[in-house]
Amino acid sequence: MKFWCGTAFMNTIEMPSVAKMMDDAGYHGMLVSDHLVYPRKPKTPYPATPDGKPFWHPETEWPDPWVLTGAMGAVTTNLHFGNNVYIAPARPIIDVAKVVGTAAAIAGGRVSIGLSAGWNREEFDLLGQDFDNRGPRLNEMIEALRVLWKGGWVSWKGEYYDIPEMMIEPHPPEPVPILCGGESGPALRRAARHCDGWVGTAYTLEDAKPWIDRINGLRREYGRENEPFEIIIGLREEPSLDVYKQAEDLGIGAIMVNPWANWERTHSGDHADLRAQAEQYRAPLEAFAEKYVSKLT
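Just so it is clear, the structure is predicted and the values come from calculations on it, not from any experiment.

A. Region of the structure containing the state of the cysteines. Under the counting rule described, the total for this entry stands at 0 disulfides. Distance from the sulfur of C180, which forms no disulfide, to the nearest cysteine sulfur (C195) is 4.9 Å. According to the relative accessible area criterion, C180 is buried, its value standing at 0%.

Okay, here's the thing in structure tokens:
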């Protein structure tokens, strides 16, 4: 079992120090979230709350995922970095290829990317990207990025992107695993057909099983059931060795944990306890690592 921690709602400046603690304690990786801006008067409703309002405050820090990944990668040795999730189709594809390739080079290849089509039209408009075709465009982007990250002279010609032969250096020292987030039909099909894994949210074991069964069914439909595929989710269960072994039996290869956080408070909009100095994370990180990470990885 792999154990990942998230960075949401933490102080940006403290994150590299926390990443170093995680690296020393034996965690597998750190997941970085992505929001571009918080408009003064949001027009796009947030899809995961009843009133359409985000559960974070406007002043919440959302550092650029790849600047942050580069900073954390530079001070760690074994820790991996991914996303939950990165809204790639809101950005120009060359920019995505460049920033991810640079972060991967700094981190020595310890980088994956977790993608989503996104929900906020305003962010797409600000960056000059088409919101309405973001889904099929992301499908093509996934295949194009794999080519653009190969190094040397690369090019791509498809329905949405036409990239002449060029070099984009530095390129990742090894292939970047591409995962997909989201629970919609198109998102699940994207994960099953185009990606190396799926990033979910937080579930009980009982609630997680139908999602995993559905994804595995789609993978069989696309003839990919025997290919490597990683499922990363959070668990709304009391931590225990038995719970994590049950998760592994379901086909869950990685768990998102935040040993320092109260999940229910975090998702009610109360994030004050997450904005701590780095040293305050050490005790819960090390205690969780000793109790679970060291025994299951």
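B. Looking closely at the pairing of strand β9 (residues 230-235). Burial within β9 is extensive, with 6 of its 6 residues counted as buried. With burial as the criterion, each face of β9 is covered, one bearing E230, I232 and G234 and the other bearing I231, I233 and L235. Note that strand β8 (residues 197-203) and β9 share 5 bridges and pair parallel. Looking at the pairing, V199 lines up with I232 of β9. In this region the chain leaves β8, passes through helix α7 (residues 205-221) and returns to the parallel neighbour β9; the handedness of that crossover is right-handed. As paired strands, β9 and strand β10 (residues 254-257) are joined by 3 bridges and run parallel to one another.

C. Just helix α8 (residues 241-249), in detail. Along α8, the residues classified as buried are V243, Y244 and A247. Axial view of α8: buried residues confined to an arc of 95 degrees, hence all on one face. Among the structural elements, β1 (2-6), α7, β9, β10 and α10 (282-296) are those in contact with the buried residues of α8. Looking at the residues trailing α8, positive phi occurs at G251, about 100 degrees.

D. Geometry of the sheet that holds strand β7 (residues 178-181). Within the open sheet, the 8 strands sit side by side as β3-β2-β1-β10-β9-β8-β7-β4. Their pairing is parallel. With partners counted over all chains shown, the strands left at the sheet margins are β3 (80-83) and β4 (113-115), one partner each. Averaged over all pairs of adjacent strands, the angle between their axes in this sheet comes to 30 degrees, without regard to strand direction. Each of β7 and β8 touches helix α6 (residues 185-194); the most contacted strand, β7, lies at about 165 degrees to it.

E. Just the environment of L31, in detail. Along the chain, L31 turns up in strand β2 (residues 29-32). With a relative accessible area of 1%, L31 lands in the buried category. Considering only alpha carbons, one finds L31 and I215, 184 residues apart in sequence, at a separation of 21 Å. The residues contacting L31, other than those within four sequence positions of it, are W4, C5, G6, T7, G82, N83, N84, I232 and M256.

Cut-offs and rules
Every chain's residues receive numbers from 1 upward, in the order its sequence appears when written. The predicted origin of the model limits local features to residues at a pLDDT of at least 70 and limits the giving and counting of side-chain atom pairs to 80 or more, whereas totals for whole chains, interfaces and linings rest on all residues. The side-chain values count all of the structure's non-hydrogen atoms but skip hydrogen atoms and water molecules. For the purposes of this analysis, a disulfide is any pair of cysteine sulfur atoms at a distance within 2.5 Å. Whether a residue is buried, partly exposed or exposed follows from its accessible area with a 1.4 Å probe, protein chains only, as a fraction of its type maximum: under 20%, in between, or over 50%, in that order. Starting at the N terminus, helices and strands are each numbered in turn, a helix being any DSSP run of H or I of at least four residues and a strand any DSSP run of E of at least two. Between any two strands, pairing holds if DSSP finds at least two bridges. When the strands point away from the viewer, a crossover counts as right-handed if the route from the first strand across the helix to the second turns clockwise. Here, the arc refers to the directions that run from the helix axis to the C-beta atoms. Every residue pair with non-hydrogen atoms within 4.5 Å of one another is taken to be in contact. Lines fitted to the C-alpha atoms define the axes, with helices restricted to the stretch that makes contact. Angles between their N-to-C directions range from 0 to 180 degrees.

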